[in-house]
Amino acid sequence: MRIAIFGTKDYDRQFLSGANVVHGHELHFLEPRLDESTAPLAQGFPAVCIFVNDRADAAVLERLAAQGTRLVALRCAGYNNVDLRTAARLGVAVVRVPAYSPHAVAEFTIALLLALDRKVHRAWARVRENNFSLDGLIGRNLHGRTAGVIGTGRIGALVARTLQLGFGCQVLASDVVEDPELAAMGVSYVPPAELLERAEIVSLHCPLTPQTRHIIDADAIAKAREGLVIVNTSRGALIDTRALIAGLKARRIGGVALDVYEQEADLFFEDLSNEIIEDDDFQRLLTFPNVLVTGHQAFLTQEALEGIAETTLANISDFEAGRPLANSIDPALAR
Ligand code: NAD
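A quick note: this is a predicted structure, and the numbers were derived from the prediction, not measured. All residue numbers here refer to positions counted from 1 along the written sequence of the relevant chain. Since the coordinates come from a predicted model, pLDDT governs what is reported: local features require at least 70, and pairs of side-chain atoms require 80 or more to be given and counted, while whole-chain, interface and lining totals use all residues. Only hydrogens and water are set aside when side-chain values are computed; all heavy atoms of the structure are taken into account.

A few words now on the UniProt feature "domain: D-isomer specific 2-hydroxyacid dehydrogenase NAD-binding" (unreviewed entry) in the chain. UniProt positions are given in the numbering used here, feature names are shortened, and annotations may be inferred rather than shown by experiment. The sites that UniProt annotates as "domain: D-isomer specific 2-hydroxyacid dehydrogenase NAD-binding" (unreviewed entry) are residues 110-298. A run of H or I in DSSP counts as a helix once it spans at least four residues, and a run of E counts as a strand once it spans at least two, with each numbered from the N terminus. The span residues 110-298 is 35% helical and 16% strand by assignment, and the distance between its end C-alpha atoms comes to 10 Å.

What follows covers the environment of alanine 65. Residue placement: alanine 65 occurs in helix α2 (residues 58-66). Residue alanine 65 is classed as partly exposed on the basis of its relative accessible area of 24%. The spacing of alanine 65 and glycine 44 is 21 residues in sequence and 9.6 Å in space, taken between C-alpha atoms. Residue contacts follow a heavy-atom distance rule, with two residues in contact if any of their heavy atoms lie within 4.5 Å. With near-sequence residues (within four places) excluded, alanine 65 lies in contact with Leu90 and Val92. Categorising residues by exposure relies on relative accessible area from a 1.4 Å probe, with only protein chains included: less than 20% of the type maximum marks a residue as buried, more than 50% marks it as exposed, and the intermediate range marks it as partly exposed.

Moving on: the pairing of strand β2 (residues 26-29). Here a strand pair is declared whenever DSSP counts at least two bridges between the two strands. In this structure, strand β1 (residues 2-5) lies alongside β2, joined through 4 bridges in parallel fashion. When the bridges of β2 are listed, alanine 4 appears paired with histidine 28. With strands facing away from the observer, any crossover in which the path from the first strand over the helix to the second runs clockwise is taken as right-handed. Each parallel crossover has a hand, and for β1 linked through helix α1 (residues 10-23) to β2 it is right-handed.

Reading across the sheet, the 5 strands line up as β2-β1-β3-β4-β5 and stay open at both edges, with parallel pairing between neighbours. Among the strands making up the open sheet, the edge pair consists of β2 and β5 (93-95). Pairs of neighbouring strands in the sheet enclose a mean axial angle of 20°, with direction left out of account. Relative to strand β3 (residues 47-50), β1 is paired through 3 bridges, and the arrangement is parallel. Counted as the bridge partner of isoleucine 5 is cysteine 49 from β3. Note on definitions: angles span 0 to 180 degrees between N-to-C directions of axes, and those axes are lines fitted to C-alpha atoms, for helices only across the stretch in contact. Docked against the sheet, α1 engages β1 and β2, running at close to 175° with respect to β2.

To define a nonpolar core, start from buried Ala, Val, Leu, Ile, Met, Phe, Trp, Tyr and Cys residues and group those joined through side-chain atoms within 4.5 Å. Formed by 48 residues in total, the largest nonpolar core has its most connected members in Ile3, Phe6, Leu34, Val48, Ile50 and Leu64. Not counting residues up to four positions away in its chain, the partners in contact with leucine 34 are Phe6, Ala39, Val48, Ile50, Asp54, Arg55, Val60 and Leu64. Among the nonpolar cores identified, the runner-up in size contains 33 residues, and Ile150, Leu248, Leu267 and Val291 belong to it.

Bringing the pattern of salt bridges into the picture now. A side chain with one charge may pair with a side chain of the opposite charge, provided their charged atoms come close. Any carboxyl oxygen of Asp or Glu that lies within 4 Å of a side-chain nitrogen of Lys or Arg is treated as forming a salt bridge with it. Applying the stated rule across the entire model yields 12 salt bridges. For the salt bridge of arginine 2 with glutamate 26, the shortest nitrogen-to-oxygen distance reads 3.3 Å. In this pair, arginine 2 is assigned in strand β1 and glutamate 26 in strand β2, connecting sequence segments 24 residues apart. Classification of glutamate 26 as partly exposed rests on a relative accessible area of 40%. Across the pair arginine 75 and aspartate 12 runs a salt bridge whose closest N-O atoms are separated by 3.3 Å.

This is how it looks when you write it as structure tokens:
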């Protein structure tokens, strides 16, 4: 099948080309991200492949469908950037990669938490300047602390298990569906409000939906324990950035580690080192000593990239052969 692959990076080219030896699709790698202005590049392509910050809203989907696209293949798990209702109306199928190494994201979440809590990022910068002073680098043990996990699906369950069994935290969890295995190992399911009141650390692993948008807002921050540490490797808009900045300035929040950011589409995945960043909220976040930001890289392991490439191309092969689409997204999940 002819596939227009938007937002291509070197690693996409490498891993998709590797997996395609088996599938034999015609891959067209395009560097621009998909939006209304770049949709014409997909003229005549029956399949379009996109990532987290490509935009497949109603206008883009109308354009793609009019140009002959019948399949949108997400090479990621989250699908908040696709207007599923419009896709269904236009007869455009949408597939995704629901599970590619949840370990990649769970392990990165723990890496961020440890780096933030033990100030590894600051120590690294100091030592490079031959500054071996330890002042200001006092951390906290994870052992014995109360950690809250919001969303205990594939990734959240691994994080909860690691914190509970690996580090000896007391783990609280919140989800619309409880995982009996986690409950059996001592994880306590509580309502989100109670989790926020009791937890010293909160890690977000629920999808971005109207219900979860700004789940961490000014109200949540006001009710949370003083010194709360927040880790977000899920989706940026789970947190109200302005409320977060206010909470940091008020010293109510103890630390924040973000791999995702509400307005990341304007920033992430690009080298902007010679540019002036216009997003003042983002720039303010970077000035706090207790904030650690990475550019949406939790998924970026060799194992995950192999899994993403293989499942993406298998999804497209299934569509081409008219086989049932195991990884299609139900339009009923539309936002
Ligand atoms: P998943 O579908 O397995 O788990 C999501 C969980 O959230 C489910 O258990 C679901 O019941 C729960 N949930 C839904 N609504 C909720 C609500 N209102 N409150 C609490 N819980 C709720 O998904 P996953 O594979 O574990 O991925 C989690 C998220 O991680 C994805 O949605 C995606 O946005 C993000 N992600 C980020 C990266 C990255 O590189 N940073 C990579 C992959 C996935």
